[in-house]
There are 2 protein chains.
Amino acid sequence: MSKVLVFGHQNPDTDTIGSAIALDYLLNELSHESEAVALGKPNDETAYALDYFRLDVPRVIETAADEVSEVVLVDHNEAQQSVSDIEEVKVKAVVDHHRIANFKTSDPLYYRAEPLGCTATILLKLFKEHEVTVPSDIAGILLSAIVSDTLLLKSPTCTPEDVRAAEELAEIAGVSLDEYGLNMLKAGADISEKTAKEILNDDAKTFDMGSETVRIGQVNVVDTSDVMLRKEDILEEMREETREHDYGLYVLLVTDILESNSVAIVDGPGYRQFEIAFSKPLQLNTVDLEGVVSRKKQVVPPLNDVFSKR
Amino acid sequence: MSKVLVFGHQNPDTDTIGSAIALDYLLNELSHESEAVALGKPNDETAYALDYFRLDVPRVIETAADEVSEVVLVDHNEAQQSVSDIEEVKVKAVVDHHRIANFKTSDPLYYRAEPLGCTATILLKLFKEHEVTVPSDIAGILLSAIVSDTLLLKSPTCTPEDVRAAEELAEIAGVSLDEYGLNMLKAGADISEKTAKEILNDDAKTFDMGSETVRIGQVNVVDTSDVMLRKEDILEEMREETREHDYGLYVLLVTDILESNSVAIVDGPGYRQFEIAFSKPLQLNTVDLEGVVSRKKQVVPPLNDVFSKR
């Protein structure tokens, strides 16, 4: 196997960066030549975790085909969330915990997906299956990924396997799960220095639903009013991006990491589909979504159902 | 988890039937309610293997949604190779060794694919990962699947993992790999009682390539002239099916299981694409393909490349 690049999705989060670093390490231990890279700079939360465990920030790439012929994807599979020239390289392997859509290959590949809270939990299983010891810095970044994706094990996406993995990794990494976890989440929840565009896009993903393109961002905060006070700026930016990319719907989930609730800011021609999906009317483009913290499990499926039935 | 149906592809072969039976057994051991079913009757080779290891012939289903809301796929993922109403059920899990295409879900799922010679080899790994003992009859049908898919370990799709798995399974099943394997392959290679339609369709799969639909059948024989003497009947049947289903290309691989070579019978509007893919001219609709025994690894990729570039 020639050198492969290992990377996660655009607008990288802690699971995407952490899983790429860990899988790169595992591949190297198994005598494959690989490099963990990223499709963007780490966000504040990920930067905190990388710094804490003294790991290098992965190199950012714009394209892959100019460097390698084969790639390995973590934490995503949908082409529109991947590197811009994904069609020009061969996907050798995927490790992921999302739905499968907009993904195809012409050859057989290694594909490992499980409906768990975090890709990092699958990575820990792969280390064990291949009998490779997890070093403490890798354990630390995998733990950070689980904390991030499950909001400290409180998201409905969190499974007993994620909880067991987080506890085991915290021990290897030598940190207190709760204390380290909350500090890391808080490091990512400060939006005071961010522009409206950054708040929208730092953790946004694009989904094809029915015949529409739906953009869904998510921002973690310790007080949702920090974002709500800037709603007009955010709506203006949403409208600009919607015009530019012809989105059928734009949603920003503002998630309170202490209370495990979200407020959604919603705009775009498909706003009625949002109201139908959640059986709740929007009020001035916003709606409280009690108990909703997971885009993947609590927002994408109901929206996809409504858009697919149109 | 409510009851799930576990099944492989249409025109079932020994890997599809054997992997469904084994995964059903594993799921039951792990306290899930499941039933192995099939999308057609077993072929002669599979019937030999089931009979040898005294396993029940799986019930044949036409549709799934009238019985269950969730299904588990083995040995395939492409919708056009699956149950007719696959869009109406939720795919809970997939265990496969093929390319991924024409497959999407709205929710995260368990997906386990590896580029190995046989789904059964992955099944053996799953038994080990879940620490479930493989009983001798299940070992026998998994061994049969590996022998079938790799033509007794001689196909280029066969990996060292398949070889190790076959040896281990033969020991558990208490049979001689070579002797049992050859007897099983020969049981499936007698075409004297088959119609042209059966020869074409008993192990045929449909592929979307570029904008065309390509039909590729494969028949194992101990002497290719058994089939070649019936070429005109076969071509007539090919043309009828091509008209009915608007195939862009129809290929029958006639594979000599002793010599590990194939002769292809080719017809349909895209026959030039076949010639380009293999850099060989057809002569009276046939061409020798030396060393070619694997549809998946040696026929689908070059054809797909040519059709995708049109």
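Residues numbered from 1 in each chain as written. Chains lettered and ligands numbered in written order. Predicted model: local features only at pLDDT ≥ 70, side-chain atom pairs only at ≥ 80, totals over all residues. Heavy atoms only, no water.

1. Points about the overall build of chain A
Helix and strand content of chain A: 11 helices and 11 strands. Projected onto the principal axes, the alpha-carbon positions of chain A cover approximately 55 × 45 × 35 Å. When the 310 residues of chain A are sorted by exposure, 61% land in the buried category. For chain A, the exposed surface amounts to about 12,600 Å²; the carbon and sulfur share of it is 45%. (Helix = DSSP H or I, 4+ residues; strand = E, 2+ residues; numbered from the N terminus. Buried < 20%, exposed > 50% of the residue type's maximum accessible area, 1.4 Å probe, protein only. Areas by Shrake-Rupley, 256 points an atom, 1.4 Å probe, with all protein chains shown as cover.)

2. Focus on unusual backbone geometry
Negative phi is the rule for most residues except glycine; trans is the rule for most peptide bonds. A positive phi angle, close to 50°, is found at L284 of chain A, a residue other than glycine. Secondary-structure assignment places L284 of chain A in the loop between α10 (271-278) and β11 (286-289).

3. Points about the packing of aromatic side chains
Tallying each qualifying case throughout the model produces 19 aromatic pairs over all chains. Centroid distance F274 of chain B to F278 of chain B: 4.6 Å. Interplanar angle 35°. Geometry classified as tilted. Here F274 of chain B and its partner F278 of chain B are both found in helix α10 (residues 271-278), four residues apart, which amounts to about one turn of the helix. Grouped by ring-pair contacts, the aromatic residues Y48, Y52, F53 and Y180 of chain A constitute a single cluster. (Phe/Tyr/Trp six-rings, centres within 6.5 Å; stacked < 30°, edge-to-face > 60°.)

4. Concerning the packing of helix α3 (residues 119-129) of chain A against helix α4 (residues 136-150) of chain A
Residue and element names in this part refer to chain A. Two numbers describe how α3 lies on α4: the axes approach to 8 Å, and their chain directions differ by 145°. Of the residues in α4, those in contact with A120, T121, L123 and F127 of α3 are I138, L142, A145 and I146. Residues of the contact of α3 with α4, tallied by class, amount to seven nonpolar, one polar and no charged. (Axes fitted to C-alpha atoms, helices over the stretch in contact; angles between N-to-C directions. Contact = heavy atoms within 4.5 Å. Nonpolar A, V, L, I, M, F, W, Y, C, P; charged D, E, K, R; others polar.)

5. Things to note about the side chain of T14 of chain B
Residues and elements named next belong to chain B. Secondary-structure assignment places T14 in helix α1 (residues 14-29). Side-chain polar atoms of T14 contact the side chain of T46, separated by 2.8 Å. Beyond its immediate chain neighbours, meaning those up to four positions away, T14 contacts S19, N43, E45, T46, S144, A145 and S148. (Polar contact = N/O pair within 3.5 Å; in protein donor to acceptor, adjacent residues only side chain to side chain.)

6. Observations regarding α4 of chain A
Residue and element names in this part refer to chain A. The first and last C-alpha atoms of α4 sit 21 Å apart over 15 residues, in line with the 21 Å expected at 1.5 Å per residue. In terms of residue burial, α4 counts as a mostly covered element, since 12 of its 15 residues are buried. Here α4 has its buried residues at I138, A139, G140, I141, L142, L143, S144, A145, I146, V147, S148 and T150. Buried positions along α4 lie against α1 (14-29), α2 (44-52), α3, α5 (160-173) and α6 (177-188). (Expected span 1.5 Å × (residues − 1).)

7. Considerations on the pairing of strand β10 (residues 261-267) of chain A
All names here are of chain A. Among the seven residues in β10, six count as buried, and that is most of the element. A loop of four residues connects strand β9 (residues 249-256) with β10, the two strands running antiparallel in sequence, and S260 in this loop sits at a positive phi of about 60°. By the bridge criterion, four bridges tie β10 to β11 in an arrangement that is antiparallel. Residue pairing across strands places V263 opposite D288, the latter belonging to β11. (Pairing = 2+ DSSP bridges.)

8. As for the state of the cysteines
Structurally, a disulfide amounts to a covalent bond that connects the sulfur atoms of two cysteines. Residues and elements named next belong to chain B. Scanning all chains against the criterion turns up zero disulfides over all chains. C118 takes part in no disulfide bond, and the closest cysteine sulfur to it belongs to C158, at a distance of 9.1 Å. Under the relative-accessibility criterion, C158 is labelled buried at 17%. (Disulfide = S-S within 2.5 Å.)

9. Points about the confidence of the model for chain A
Averaged over all residues, the pLDDT of chain A equals 95, while 99% of them reach at least 70. Model confidence for the complex: the whole-complex pTM is 0.87, and ipTM, which rates the interface, is 0.85. (pLDDT = per-residue confidence, 0-100.)

10. Digging into the interface of chain A and chain B
Each side of the interface is counted separately: chain A has 22 residues, and chain B has 22 residues. Summed over both sides, the interface of chain A with chain B buries roughly 1,900 Å², with 60% coming from carbon and sulfur. Interface area lost by chain A to chain B is led by I100, S106 and P108 of chain A, which between them contribute 28%. For the pair chain A and chain B, the interface holds zero salt bridges. Elements represented by at least two residues in the side of chain A that touches chain B include exactly β6 (110-113) and α11 (295-309) of chain A. Counting residues per element, the side of chain A that touches chain B draws most heavily on β6 of chain A, at four residues. Across the side of chain A that touches chain B, the residue classes tally to 10 nonpolar, five polar and seven charged. (Buried area = accessible area lost by both parts, 1.4 Å probe. Salt bridge = Lys/Arg side-chain N within 4 Å of Asp/Glu carboxyl O.)

11. Focus: the pattern of salt bridges
On inspection of all chains with the given rule, the structure shows 32 salt bridges over all chains. K125 of chain B is the partner of E114 of chain B in a salt bridge, and the nearest nitrogen-oxygen pair spans 2.9 Å. Placement of the pair is E114 of chain B in the loop between β6 (110-113) and α3 (119-129) and K125 of chain B in helix α3, with a sequence separation of 11 residues. Note that K194 of chain B is salt-bridged to D202 of chain B, the shortest N-O span being 3.2 Å. Overlapping salt bridges bring together R112, E114, K125, E129 and E161 of chain A as one network.

12. Considerations on the packing of α4 of chain A against α6 of chain A
Residues and elements named next belong to chain A. Remark: α4 packs on α6, axes separated minimally by 10 Å, with the N-to-C direction vectors making an angle of 70°. As far as their axial angle goes, α6 and α4 are roughly perpendicular. The crossing of α4 and α6 is right-handed. On α6, the residues that touch L143, S144, V147 and S148 of α4 are L177, Y180, G181, M184 and L185. Residue classes in the contact of α4 with α6 are distributed as six nonpolar, three polar and no charged. (Parallel < 35°, antiparallel > 145°, perpendicular 65-115°, else oblique. Left-handed = near helix turned anticlockwise from the far one by under 90°.)

13. Remarks on the environment of E237 of chain A
Residues and elements named next belong to chain A. Checked against the element boundaries, E237 lands in helix α9 (residues 231-245). Here E237 falls in the buried class, since its relative accessible area comes to 13%. Spatially, the C-alpha atom of E237 lies 10.0 Å from that of E198, the residues being 39 residues apart in sequence.

14. Things to note about the sheet that holds strand β9 (residues 249-256) of chain B
Residues and elements named next belong to chain B. The five strands are arranged β7-β8-β9-β10-β11 in an open sheet whose pairing can be described as mixed. Edge positions in the open sheet fall to β7 (205-209) and β11 (286-289), since each of these has one partner strand only. The mean angle between the axes of side-by-side strands here comes to 25°, regardless of whether they run parallel or antiparallel. Relative to strand β10 (residues 261-267), β9 runs antiparallel, the two sharing seven bridges. Its bridge partner lying in β10, L252 is registered against I265.

15. Digging into the sheet that holds strand β4 (residues 70-74) of chain A
Through backbone hydrogen bonds, the strands of a sheet pair up, either in parallel or in antiparallel fashion. Across the sheet, which stays open at both edges, the 12 strands sit in the order β3(A)-β2(A)-β1(A)-β4(A)-β5(A)-β6(A)-β6(B)-β5(B)-β4(B)-β1(B)-β2(B)-β3(B) with mixed pairing between neighbours. Looking along the sheet, the strands with just one partner apiece sit at the ends: β3 (59-60) of chain A together with β3 (59-60) of chain B. In this structure, strand β5 (residues 90-96) of chain A lies alongside β6 of chain A, joined through four bridges in parallel fashion. Following the sheet pairing, V95 of chain A is matched in β6 of chain A by R112 of chain A.

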